[in-house]
Amino acid sequence: MMRLKNTSSRIWLFLQNRDIESIDTRNLLVVRQNLALVYMHQEKFEKSTEEYNKVLKMREQLDFGEDSLEIGQLLTNIGLCYRRSGNLDMAEKMYKRSLDCKVKGLGWNHPDIGMLLQNLGVLEQVRGNLEGAIKYNQQAEEIYMKTTDEDSLYLIRVRENLICQLLQLDKHSQAVEVYWKNYKYVNKKNFWDMSLPVLHEKIVQILSQQEMQAQMLEVTTQTFINIIEPKAR
């Protein structure tokens, strides 16, 4: 954290001690963008948002007001700052503007679109709108299934989100259905260390309640072999 503080101070002093007009626009854009990123990592979200908005205006001028992937990414970062500072309405506005930009440049079926849909899902979950969160995550899952490579972790993350949200709504059968897709993928790719142990435990309880003994035994055995036993060594 001290290194980040020193970095932000150095960049700020650089901007204060230079004639801004003499700095090439693209170089200045990079400097301000770095400063915004450092502020975000320092959790100084108001300062980060201020710098990102300056960069956004500069980027829009360079792109002659046209939407671009660079603008789309800036909007995503601004949305993230708003979300982390608790301003969910502004975060949603930025994410949706970003989505429009990225769809124009990448098309709908692209992992970046899936990530943005997941971000929108997080907003809905924070708002307590689990049905809305599920809808966004289902869209993201569909995109990842079409676009990610065989060793991607995107599918695991979005499916775990879906399982958690379905469990919160007591939609156990749907949660188990998504879990099995995720279970097979995790087992096939040996991504056990990337999965959430608590989800396996919860599903085992549900399988027991539904008297699905063979499935419960399989999950229990694989969880022990791939998660519990390695940690005990």
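Values in this document were obtained by computation on a predicted structure and should not be read as measured data. (Residues numbered from 1 in each chain as written. Predicted model: local features only at pLDDT ≥ 70, side-chain atom pairs only at ≥ 80, totals over all residues. Heavy atoms only, no water.)

1. Examining helix α10 (residues 197-209)
Taking 1.5 Å per residue, 13 residues should reach 18 Å; α10 reaches 19 Å between its end C-alpha atoms and fits that length. Downstream of α10 by one or two residues, Glu211 has phi in the positive range, about 55°. (Helix = DSSP H or I, 4+ residues; strand = E, 2+ residues; numbered from the N terminus. Expected span 1.5 Å × (residues − 1).)

2. Brief notes about the confidence of the model for the protein
The predicted model of the protein has a mean per-residue pLDDT of 87, with 88% of residues at 70 or higher. For residues 12-17, every residue scores under 50 in pLDDT, and the model assigns this stretch 8 contacts once sequence neighbours within four places are set aside. (pLDDT = per-residue confidence, 0-100. Contact = heavy atoms within 4.5 Å.)

3. Re the pattern of salt bridges
Applying the stated criterion to the full structure yields 15 salt bridges. Residue Arg127 pairs with Asp89 through a salt bridge whose shortest N-O separation is 3.0 Å. Of the two residues, Arg127 sits in helix α6 (residues 111-127) while Asp89 sits in helix α5 (residues 88-106), which places them 38 residues apart along the sequence. Of the residues examined, Asp89 reaches a relative accessible area of 58% and is grouped as exposed. (Salt bridge = Lys/Arg side-chain N within 4 Å of Asp/Glu carboxyl O. Buried < 20%, exposed > 50% of the residue type's maximum accessible area, 1.4 Å probe, protein only.)

4. Remarks on the packing of aromatic side chains
For the structure on display, the rule yields 6 aromatic pairs. Ring geometry for Tyr179 against Trp180: centres 5.9 Å apart, planes inclined by 70°, an arrangement best described as edge-to-face. Look at Tyr179 and you get buried, because its relative accessible area is 2%. An aromatic cluster is present here, built from Tyr179, Trp180, Tyr183 and Trp192 joined pairwise through their rings. (Phe/Tyr/Trp six-rings, centres within 6.5 Å; stacked < 30°, edge-to-face > 60°.)

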